Amino acid sequence: MAGPVHYEVFIRKTAPAPWALLMATESRTHAIETAEDTLADNRAVAVRVTKETLDSETMEFSSVTVLTRGAPEVRKKRVIPDEEVGPRCSGVQDFYTPHARELIGRVLEDWLTRRGITAFELLHRPDLAEVLEASGVELQHAVQKVSVPESQAVGQPVHELIRHYQKLADTAIERLVAAGRSQRFPGLEGRSLADLAHRLAGTADRAFIMGGIVSGELKDLKGARARLDRLMDMADAAPMDGPPRAIVMVAIEQILCEMMAQRTSLADILGPSLDQGASLAAVVRMVAPTEIEALIAQDHRLRLLIPSIEGPARRLGMRLQGAEYPLLSAALARMVLRELRSPRRLRPTDPEGEIDILRALAVSLTATAGRLLTLEEVQEAFTERSKSLITADFVAAFVKPCSTVLCEAEHLMRLCENVTGAANKRSAARWLHACLSSLRFETEMRNGDTPPGQVLATLAGLQRAARKVDLSDTDEGQICEALGKVGASVERAARLIDQMVRAPVSVPHKLQVLLRLAAGETGPQGPVTDRARAEALKLLRHPKVRAELGSTPAELEPIRELMRTAGLAA
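In what follows, the accompanying structure is described. Note that the coordinates shown come from a computational prediction; the quantities given were computed from them, not determined experimentally. (Residues numbered from 1 in each chain as written. Predicted model: local features only at pLDDT ≥ 70, side-chain atom pairs only at ≥ 80, totals over all residues. Heavy atoms only, no water.)

1. So, unusual backbone geometry
Here's step 1: Although it is not a glycine, Asn42 adopts a positive phi angle of roughly 60°.
Here's step 2: With respect to the helices and strands, Asn42 occurs in the loop between helix 1 (28–40) and strand 3 (46–55). (Helix = DSSP H or I, 4+ residues; strand = E, 2+ residues; numbered from the N terminus.)

2. A short note on the nonpolar core
Here's step 1: Ranked by internal contacts, the top residues of the largest apolar core, which has 146 residues, are Met210, Leu231, Leu256, Leu316, Tyr325, Leu340 and Phe441.
Here's step 2: Among all residues touching Met210, those that are not within four sequence positions of it are Leu193, Ala197, Leu200, Ile247, Val248 and Ala251. (Core = buried A, V, L, I, M, F, W, Y, C linked by side-chain atoms within 4.5 Å. Buried < 20%, exposed > 50% of the residue type's maximum accessible area, 1.4 Å probe, protein only. Contact = heavy atoms within 4.5 Å.)

3. Quick look at the pairing of strand 4 (residues 61–70)
Here's step 1: Inspection of the sheet shows strand 3 paired to strand 4 by nine bridges, in the antiparallel sense. Bridge assignment links Leu54 to a residue of strand 4, and that residue is Phe61.
Here's step 2: If you look at the hairpin formed by strand 3 and strand 4, you'll find five residues sitting between the two strands, and Met59 has a positive phi there, around 60°. (Pairing = 2+ DSSP bridges.)

4. A look at the packing of aromatic side chains
Here's step 1: One pass over the structure, following the stated rule, counts three aromatic pairs.
Here's step 2: Both rings, one in Phe185 and one in Phe208, keep their centres 5.3 Å apart while their planes meet at 65°; by these two values the pair is edge-to-face. A residue pair is termed long-range when its members are at least 10 positions apart, and Phe185 in the loop between helix 7 (158–181) and helix 8 (193–200) and Phe208 in helix 9 (residues 206–216) qualify at 23 residues. Both residues of the pair, Phe185 and Phe208, count as buried.
Here's step 3: Ring geometry for Phe394 versus Phe398: centroids 5.9 Å apart, planes at 15°, classification stacked. With Phe394 and Phe398 both in helix 20 (residues 392–399), this residue pair falls four residues apart, about one helical turn. The same class applies to Phe394 and to Phe398, which are both buried.
Here's step 4: The ring of Phe10 carries Arg48 above its face, with NZ or CZ at 5.5 Å from the centroid.
Here's step 5: Positioned over the ring face of Trp19 is Arg48, at 4.5 Å from the centre of the ring. (Phe/Tyr/Trp six-rings, centres within 6.5 Å; stacked < 30°, edge-to-face > 60°. Lys NZ or Arg CZ within 6 Å of the ring centre and 35° of its normal.)

5. Focus on the layout of surface pockets
Here's step 1: Here the largest pocket is characterised by a volume of approximately 930 Å³.
Here's step 2: Around the largest pocket sit 26 residues that line it, and Glu102, Cys257, Glu258, Ala261 and Gln262 are the ones nearest its centre.
Here's step 3: Only helix 2 (98–107), helix 3 (109–115), helix 11 (242–260), helix 12 (263–270) and helix 17 (326–341) provide two or more residues apiece to the lining of the largest pocket.
Here's step 4: Residue composition of the lining of the largest pocket, grouped by class: 12 nonpolar, six polar and eight charged.
Here's step 5: Looking at the second largest pocket, its volume works out to about 560 Å³. (1 Å grid on protein atoms, 1.4 Å probe; cavity = no way out; pocket = protein on both sides within 12 Å on 5 of 7 lines; lining within 4 Å. Points joined across faces, edges and corners; volume = space filled by probe spheres on them. Nonpolar A, V, L, I, M, F, W, Y, C, P; charged D, E, K, R; others polar.)

6. Let's talk about the pattern of salt bridges
Here's step 1: Under the criterion given, the structure shown has 34 salt bridges.
Here's step 2: A salt bridge links Arg315 to Asp233, with the nearest nitrogen and oxygen atoms 3.0 Å apart. On the criterion of sequence distance, the pair formed by Arg315 in helix 16 (residues 312–321) and Asp233 in helix 10 (residues 224–236) is long-range, its members being 82 residues apart.
Here's step 3: On the basis of relative accessible area, Arg315 is assigned to the partly exposed category, the value being 26%.
Here's step 4: Residue Asp275 is joined to Arg347 by a salt bridge in which the shortest nitrogen-to-oxygen separation is 2.9 Å. Here Asp275, found in the loop between helix 12 and helix 13 (276–287), pairs with Arg347, found in the loop between helix 17 and helix 18 (351–368); they are 72 residues apart in sequence, far enough to count as distant.
Here's step 5: With a relative accessible area of 28%, Asp275 lands in the partly exposed category.
Here's step 6: Its relative accessible area of 15% is what places Arg347 among the buried residues.
Here's step 7: Within the structure, one salt-bridge network assembled from shared partners comprises Asp229, Asp233, Asp236, Arg245, Arg315, Arg319 and Glu324. (Salt bridge = Lys/Arg side-chain N within 4 Å of Asp/Glu carboxyl O.)

Right, here's the structure in full:
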């Protein structure tokens with residue numbers, strides 16, 4: 001049902017400029033006159049009037065153009081360089097390049113996942129090619145997914161690209177099926193892989209045939225763990241060196257790169273019980289087992305955080321340590337960095353455990369920096385990951401187990417310690433400062449069951465911790481000031497320094513207690529230390545006190561040391 005109607009006037013001040021709203025009115029005549037006057041006064045090169053009708057049921061406007069005058073819109077045509085014109089793949093061999101295999105893996109991801117195979121195997125196994133061809137729809141959809149975006153990129157009609165890629169796909173399938181029927185991919189039953197590699201060395205289709213041999217050996221294996229174990233067996237049976245060994249190892253590495261890129265495969269290889277953080281730690285241990293073992297020998301806590309790898313994963317790790325698969329090592333390292341930069345939580349139900357595993361990953365990746373990744377890349381990834389640690393959701397979950405405000409402050413101090421990046425440090429410091437400057441924190445410190453002296457010592461410990469977490473001078477000063485004010489409130493309520501001065505104890509002991517407080521050892525820096533320093537000076541100026549200290553030289557030396565610490569002596 002039609003509802004209220006109004007008219008909108010749009011103008012373009014220059015030919016290439018976009019349309020901009022000039023006015024809206026309920027009068028059609030007024031809208032048209034305004035548009036024509038604007039164009040006549042050269043205040044715009046083009047005008048347009050539209051009628052907007054509100055649908056009362058859907059509450060949406062339907063638009064109809066009433067008037068258009070002036071210069072036509074300039075359509076910007078994308079200039080495509082000559083070298084980019086035409087299809088990206090011109091022949092069947094282009095399907096076997098790493099970039100093309102990656103694209104095939106994306107457009108056929110569901111089909112490949114259902115069969116537990118990789119794009120490399122699809123391009124080297126005749127049985128899989130026949131199944132894909134028989135499906136019809138899967139292949140047709142994959143061709144369309146490739147052709148449509150490429151048409152916009154290379155400036156060629158989409159239907160021409162679809163026909164081109166359909167023809168290439170049919171040719172590739174025919175070539176692969178013909179190779180299978182002519183038994184160009186011999187099985188390894190009763191044959192030596194090393195012998196086959198030596199025979200293929202120097203032939204034109206050596207990479208294609210060896211790819212078919214290696215892929216054929218994975219035909220009846222289910223699960224990534226069993227497939228990895230079989231690939232490691234073939235790696236053990238490969239020739240010792242030279243081009244024959246390279247033929248085998250290159251085919252194995254290409255399958256491994258595609259297989260490890262799948263989340264389901266990685267979970268099957270490392271163990272389905274591992275969460276995201278533990279999986280990443282296991283990947284780092286697999287890529288750099290020697291460095292991780294050295295770290296665990298120095299810090300046994302890492303043994304609890306970094307899972308051990310056994311079976312095929314351990315076999316692969318030893319080969320990665322020997323630099324046999326450099327492309328796979330680089331791909332796994334990049335995958336770890338990519339996951340660290342992603343918003344996905346490492347341990348969704350355990351915020352404190354997430355910080356623990358993040359520290360373990362930071363130590364592990366830093367130890368491998370230079371061989372797998374640069375130190376700058378590692379730092380950038382952890383800076384990006386730190387952004388997820390200072391969000392309101394994570395902070396709320398992190399302090400949720402705390403029953404006291406002091407516990408929350410200690411947790412937030414740990415958060416400040418474990419985030420990296422100046423901006424992230426500032427955000428974490430704001431959370432901590434908001435907690436320490438709250439009335440709830442001061443009330444708990446003043447009215448709790450903890451003795452005032454112990455409360456002041458706790459506040460002094462928080463101050464020392466704040467100075468160690470590498471905050472900016474401004475943030476550190478604000479946090480220390482907030483702790484100092486809370487300490488002054490606690491001391492003033494308990495009259496702690498007055499009690500120290502009047503206590504019936506020896507003068508040396510009384511001075512030591514006041515000087516420790518003045519030095520910030522047993523109380524937070526601020527009003528409390530200033531007052532303790534003033535009371536200590538009063539005692540030191542008293543003649544009887546000086547005489548008593550002079551009569552006990554053995555107790556004078558510790559007092560001198562405390563005076564230097566408190567800034568009362570040179």
